[in-house]
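Now for the letters of each chain:
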Amino acid sequence: MPGRKKRAKLESPAKAMADPSPPSVETAFEIEEADLPFEEQLQSAPYDFNLWWQYIRSWVNVTKDVPAGKLFLLFERALARLPGSYKLWMAYLEERKKRIRNLPPTSPAYEQVNQIFERAIIHLRKMPRVWFDYTNFLRSQGLVTKTRQTFDRALRELPVTLHSRVWELYINFAKQSNSKATAVDVFKRYLEFTPSASDEFLEMLKQMKNWRAASVQLYCMAMDPDYTSPAGTSKESMWESLAEIVGNYADALEGLDVEEMLRNGLQVSVEHIGQLWVGLANYYTRLGHFDRAEKTFQEGCDNVSTARDFGVVFDAFAKYHESMISAEIEFLNDENEEEDDEEEEEEDGSSDELDARMAQLELLLEQRELLMNRALLRRNQSDVNYWLRQASLLATKPMEAIECYETAVKSIDPSEACNGRLGDLWISYAQYLQSDRCDKNVAEARKVLQRARAVEYRLTEELAAVWCAGVELELKARKFNEAFKMIQQGVRQVGIDEDKDENGAKITVCRRRLFKDRMLWAL
């Protein structure tokens, strides 16, 4: 700037870029002729902000090539008088950043600006813009630790009402940070302030491929009864996502009790639990624990109660066997190429294992319908047709078939029987005992029908059908007198005072109405 110099005390550029203390500012400042009007006014009004601001702007606006040392010293003088001026500090920092814009972040000039930010924060610690600019400036230098510490300081200094603005920048910094540990720690703290951000945290963990932390986060979200996903993700979907992670990234979950986590999910989840069983089995498969994987698959087939869940578990179980068979075949092919004829015994052993695997798969496929039937019955034990279907599937195995019938008649509540008549189940039971598979055990069939006549059916027609089946049994056994006697008992009207029938059983409502049934009179 033109003008005659009055004082030759301008320091070197290196010293001017430093942060001089206020006492040295006054002695180092070089006054020129154009500065005299401002200097004279400042003698009488050293704390006039407008005067200082006009003084500074006169240097900035007149020329673009303002000497850095001169301008910075002028700012220092003003701030020494007005240390609480927000406008002065922000203008000073902006000029400082502008001057080092083309320098590399490793330049010492950046640290000098950092020190000025620290001084500004001392006086403006409640001003959020100063903190935001400082953290952005630190991020541009790649100072991760110092940036994180500055964000923490901002959260301590600024009022709670401004924390949401701080966290917005803090989370953005954490996501872009190369330090995964820093990102996770920051987000965990943020969740204490904003629990609804759990979904966002989970997505970040997945992008980072931090499957262990993602599993823990999913488990906590799914188990928390008070948590509701802002994105509308249901608890069932959370459990399915957890099962998928567990099944695909078992090696990354070291130290987690995965089985306990998923079994807790099986207890609290009501739908789509098939994925949880498959996820647990796949977890053991990827760890090489094949015996535990097979037991888990089998346990899943024996515990699911819907056709969808059974289909998911069974298909995964069959696919598991197919993959094991493929691995055995590939292993045998490699051995045949590399080994000599002297090792035929080992090949025979591998061949036996392959045969065993194929036999297991064949047996599993044969049991599909039976396993499906049992799964559906676990959902509704009062379904008569499902019990009849299961008994027919076990017809070639008398002991299991009889056990099935016994379980059925004990499990079904006569008042809740559906999808068929309970009386038909009793009749089928008796007929099976009369078949060749049970050596025509008429005596046991007679006992079964006797028990059936004491059941309180919903409809009189069911009791009449059971009664007729007993008559037919006696006729086939050529015991005509017993058959006729049974008919007489059925058509006899039971007295009001009678509470026990001919066999000592309690008389039911259907039994009192039986004498009106046309089917029995038709005999």
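The structure this text deals with has already been given above.
Residues numbered from 1 in each chain as written. Predicted model: local features only at pLDDT ≥ 70, side-chain atom pairs only at ≥ 80, totals over all residues. Heavy atoms only, no water.

**Q** Describe helix α12 (residues 198-207), and please don't skip the residues or the numbers.
**A** Burial in α12 covers these residues: S198, D199, F201, L202, M204 and L205. Where α12 is buried, its residues contact α10 (163-176), α11 (180-193) and α13 (211-223). Looking one or two places after α12, you find K209, whose phi comes out positive at around 60 degrees. (Buried < 20%, exposed > 50% of the residue type's maximum accessible area, 1.4 Å probe, protein only. Helix = DSSP H or I, 4+ residues; strand = E, 2+ residues; numbered from the N terminus. Contact = heavy atoms within 4.5 Å.)

**Q** An account of helix α21 (residues 384-393) is requested, with residue identities and associated values reported.
**A** Among all positions in α21, only V384, W387, Q390 and A391 are buried. An end-on view of α21 places all buried positions within 125 degrees of arc, on one side of the element. Of the surrounding secondary structure, the elements contacted by the buried residues of α21 are α20 (368-379), α22 (398-411) and α23 (422-434). Between the side-chain oxygen at the start of α21 and the backbone nitrogen of N385 there is a gap of 3.2 Å, and the oxygen is on D383. (Arc of directions from axis to C-beta. Polar contact = N/O pair within 3.5 Å; in protein donor to acceptor, adjacent residues only side chain to side chain.)

**Q** Go over the pattern of salt bridges, please, and point to the residues and values.
**A** As enumerated under the stated definition, the model contains 21 salt bridges in all. Here R357 makes a salt bridge to E294, at a shortest N to O gap of 2.6 Å. On the criterion of sequence distance, the pair formed by R357 in helix α19 (residues 344-366) and E294 in helix α17 (residues 290-301) is long-range, its members being 63 residues apart. One exposure class covers both R357 and E294, and it is buried. A salt bridge links E406 to R451, with the nearest nitrogen and oxygen atoms 3.0 Å apart. With a gap of 45 residues between them, E406 in helix α22 and R451 in helix α24 (residues 442-452) connect regions that are remote in the sequence. What makes E406 buried here is its relative accessible area of 18%. Taken together, the shared-partner salt bridges connect E259, R263, R292 and E299 into one network. (Salt bridge = Lys/Arg side-chain N within 4 Å of Asp/Glu carboxyl O.)

**Q** Describe the environment of K188, listing the residues and the values that go with them.
**A** As for its position among the elements, K188 is in helix α11. Residue class for K188 comes out partly exposed when judged on its relative accessible area of 48%. With 10 residues separating them along the chain, K188 and S198 place their C-alpha atoms 9.1 Å apart.

**Q** I'd like a description of the nonpolar core, backed by residues and values.
**A** One finds I56, L242 and F297 to be the most contacted residues of the largest nonpolar core, which totals 108 residues. When residues of this core are assigned to their parent elements, the largest contribution, 10 residues, is made by helix α18 (residues 307-338). A401, A408, Y429 and L449 belong to the second-largest nonpolar core, a separate cluster that totals 44 residues. (Core = buried A, V, L, I, M, F, W, Y, C linked by side-chain atoms within 4.5 Å.)

**Q** Kindly report on the packing of aromatic side chains, identifying the contributing residues and their values.
**A** Taken as a whole and assessed by the stated rule, the structure comprises 25 aromatic pairs. Ring centres of Y405 and Y432 lie 6.0 Å apart, and the angle between their planes is 40 degrees; on these two criteria the pair is classed as tilted. With a gap of 27 residues between them, Y405 in helix α22 and Y432 in helix α23 connect regions that are remote in the sequence. The burial state of Y405 is the same as that of Y432; both residues are buried. A connected cluster of aromatic rings, assembled from ring pairs, spans F151, W167, Y170, F173, F187, Y190, F193 and F201. In this arrangement the basic side chain of R81 is found over the ring face of Y47, its NZ or CZ atom lying 5.8 Å from the centre. (Phe/Tyr/Trp six-rings, centres within 6.5 Å; stacked < 30°, edge-to-face > 60°. Lys NZ or Arg CZ within 6 Å of the ring centre and 35° of its normal.)

**Q** Give me the side chain of T296: which residues, what numbers.
**A** The topology assignment puts T296 in helix α17. For T296, a relative accessible area of 4% translates into the label buried. Excluding anything up to four places from it in sequence, T296 contacts W277, L280, A281 and Y284.

**Q** Account for unusual backbone geometry, with residues named and values stated.
**A** Although it is not a glycine, K209 adopts a positive phi angle of roughly 60 degrees. Assignment of secondary structure puts K209 in the loop between α12 and α13. Positioned with a positive phi, N419 is a non-glycine residue whose angle comes to about 55 degrees. You can see N419 is positioned in the loop between α22 and α23. Residue N419 is classed as partly exposed on the basis of its relative accessible area of 40%.

**Q** Summarise the side chain of E406; cite the residues concerned and give the values.
**A** Within the structure, the side chain of E406 is placed 3.0 Å from the side chain of R451, a separation counted as a polar contact. When neighbours within four sequence positions are excluded, E406 is seen to be in contact with Y429 and R451.

**Q** Which residues make up the packing of α12 against α13, and what are the values?
**A** Between α12 and α13, the shortest axis-to-axis distance is 8 Å and the interhelical angle comes to 155 degrees. If you check the angle between α12 and α13, you find them roughly antiparallel. Crossing geometry of α12 relative to α13 is assigned as left-handed. Listed contacts from α13 to S198, D199, F201, L202, L205 and K206 of α12 are W211, A213, A214, Q217, L218 and M221. Each residue belonging to the contact of α12 with α13 can be placed in one class, and the counts come to 8 nonpolar, 2 polar and 2 charged. (Axes fitted to C-alpha atoms, helices over the stretch in contact; angles between N-to-C directions. Parallel < 35°, antiparallel > 145°, perpendicular 65-115°, else oblique. Left-handed = near helix turned anticlockwise from the far one by under 90°. Nonpolar A, V, L, I, M, F, W, Y, C, P; charged D, E, K, R; others polar.)

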